[in-house]
Amino acid sequence: MKIHEKYIKRCIQLAKNGLGTTYPNPLVGSVIVYDGKIIGEGWHKKAGEPHAEVHAINSVKDKSLLSQSTIYVSLEPCSHFGKTPPCCDLIVAQNIPNVVIGTRDPFAKVAGNGIRKLIEAGKNVTVGVLEDECNELNRRFFTFHNQKRPYIILKWAETEDGYIAPDSKEEQKPVWITNSYSRQLVHKWRTEEQGILIGTQTAIDDNPSLTARDWKGKHPVRIVLDKKERISKENAIFDSSAPTILITEKEINFSQNLAKEVCDYLFKKEIQSVIIEGGSRTIQTFIDAQLWDEAKVFKGITHFSSGTIAPKITGKIIKEQKIGCDQLLIYSRL
């Protein structure tokens, strides 16, 4: 089993290369091993393009070795026709005798069918190697399919004395609490998630573009809560640099459980992950509803003395990091 873990770890490492580019598909890595050596590897790069197993098989120079090899894959191989043919069929066609799988796929069209298909074809199938790590890799995909909502990441910056914004923003829009390195990291995060959400007041006060200007990658879908459509159409969030979803009272009921209403609506829009970058009120709404998975909180060295108090959160701190003078705390709800 330790040998299997070694190669599944490599699958996970490869899969992470696709973070931010595979939506709505999961992150998947695959390696092919012959006589204790990796002879092929690959990862899923983009929806509609070949899956990890296809890249791994194609990278093997001597295809005659496949009939004596083991293919490792972080997630159960697909068994259905989507934008690409089933990977199970390819594994069978290439006569690969051994298949080691990190974890099962929760997607309804797979969900154990890939494993069953391989076993019925006479393959030696091992399932559940580094299962927790493989589930963590695809926490966005799993949350979306199992809980029928996007994976929610809260993000804010607060001053050393606990404020998220000053009393007035007239002199500077937006008001920076963190340093340029922290802001660049935020732009990197934006390329990794499918959507980014703010509330009405943040859009009006800061006029943010919500794009990943300081990091190479795809801009997230911009999501704006605007019950009464108060935001000017000249606002930066309505420019052509990235898609924008405007959520008004025509789309959801703002007087009910707002966080759940938003999650239900975004699930229908097939948004798998969202960074909530709104003001304190918007973020607190998701905290109070217990509809969040991670929180990324920057603490700067600035002092405001008064202003908008930062959200109040309880959760487990899973990581602490210094970024220049800033402190980054990452929380998990569970």
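Here we summarise the structure given alongside this text. (Residues numbered from 1 in each chain as written. Predicted model: local features only at pLDDT ≥ 70, side-chain atom pairs only at ≥ 80, totals over all residues. Heavy atoms only, no water.)

## Side note on the packing of aromatic side chains
- Using the criterion set out here, one finds four aromatic pairs in the structure.
- Both rings, one in Tyr7 and one in Tyr72, keep their centres 5.0 Å apart while their planes meet at 45 degrees; by these two values the pair is tilted. Here the residue Tyr7 occupies a position in helix α1 (residues 2–15), and Tyr72 occupies one in strand β3 (residues 70–75), the gap between them amounting to 65 residues.
- You can call Tyr7 buried: its relative accessible area is 5%.
- Exposure remark for Tyr72: the relative accessible area of 3% places this residue in the buried category.
- When the ring centre of Phe238 is taken as reference, the NZ or CZ atom of Lys233 above it lies at 5.1 Å. (Phe/Tyr/Trp six-rings, centres within 6.5 Å; stacked < 30°, edge-to-face > 60°. Helix = DSSP H or I, 4+ residues; strand = E, 2+ residues; numbered from the N terminus. Buried < 20%, exposed > 50% of the residue type's maximum accessible area, 1.4 Å probe, protein only. Lys NZ or Arg CZ within 6 Å of the ring centre and 35° of its normal.)

## Quick notes on empty space enclosed by the protein
- The full count for this structure, using the stated rule, is one cavity of 30 Å³ or more.
- Roughly 70 Å³ of volume is contained in the largest cavity.
- What lines the largest cavity is Leu19, Thr22, Tyr23, Asn25, Pro26, Leu27, Leu137, Asn138, Arg140, Phe141 and Gln272.
- Taken together, the residues of the lining of the largest cavity break down into six nonpolar, four polar and one charged. (1 Å grid on protein atoms, 1.4 Å probe; cavity = no way out; pocket = protein on both sides within 12 Å on 5 of 7 lines; lining within 4 Å. Points joined across faces, edges and corners; volume = space filled by probe spheres on them. Nonpolar A, V, L, I, M, F, W, Y, C, P; charged D, E, K, R; others polar.)

## So, the sheet that holds strand β8 (residues 195–198)
- Strand order in the open sheet formed by eight strands is β10-β9-β8-β11-β6-β12-β15-β14, with mixed pairing between adjacent strands. Of all strands in the sheet, those bounded by a partner on one side alone are β10 (244–247) and β14 (316–323). With strand direction ignored, the average angle separating the axes of adjacent strands in the sheet is 20 degrees.
- Summarising the sheet, strand β9 (residues 221–225) and β10 pair through four bridges and their orientation is parallel. Bridge assignment links Val224 to a residue of β10, and that residue is Leu246. (Pairing = 2+ DSSP bridges. Axes fitted to C-alpha atoms, helices over the stretch in contact; angles between N-to-C directions.)

## Comments concerning the pairing of strand β4 (residues 98–103)
- Across the six residues of β4, five count as buried, placing the element largely inside the fold.
- Pairing of β3 with β4 involves five bridges; the strand directions are parallel. Its bridge partner being in β4, Thr70 is matched across the sheet by Asn98.

## A look at the layout of surface pockets
- Space inside the largest pocket adds up to approximately 1200 Å³.
- If you trace the largest pocket, you find 46 residues lining it, with Thr202, Asp206, Glu277, Gly278 and Gly279 closest to the centre.
- For the lining of the largest pocket, the secondary-structure elements that each account for two or more residues are β6 (151–158), β7 (163–165), α7 (180–192), α8 (200–206) and α10 (280–288).
- In terms of residue class, the lining of the largest pocket is made up of 17 nonpolar, 15 polar and 14 charged.
- Put simply, the second largest pocket is a space of about 860 Å³.
- Taken together, 30 residues make up the lining of the second largest pocket; nearest its centre are Glu136, Arg139, Arg140, Tyr151 and Glu294.
- The biggest single contributor to the lining of the second largest pocket is helix α6 (residues 139–147), with six residues.
- Tallied by class, residues from the lining of the second largest pocket come to twelve nonpolar, six polar and twelve charged.

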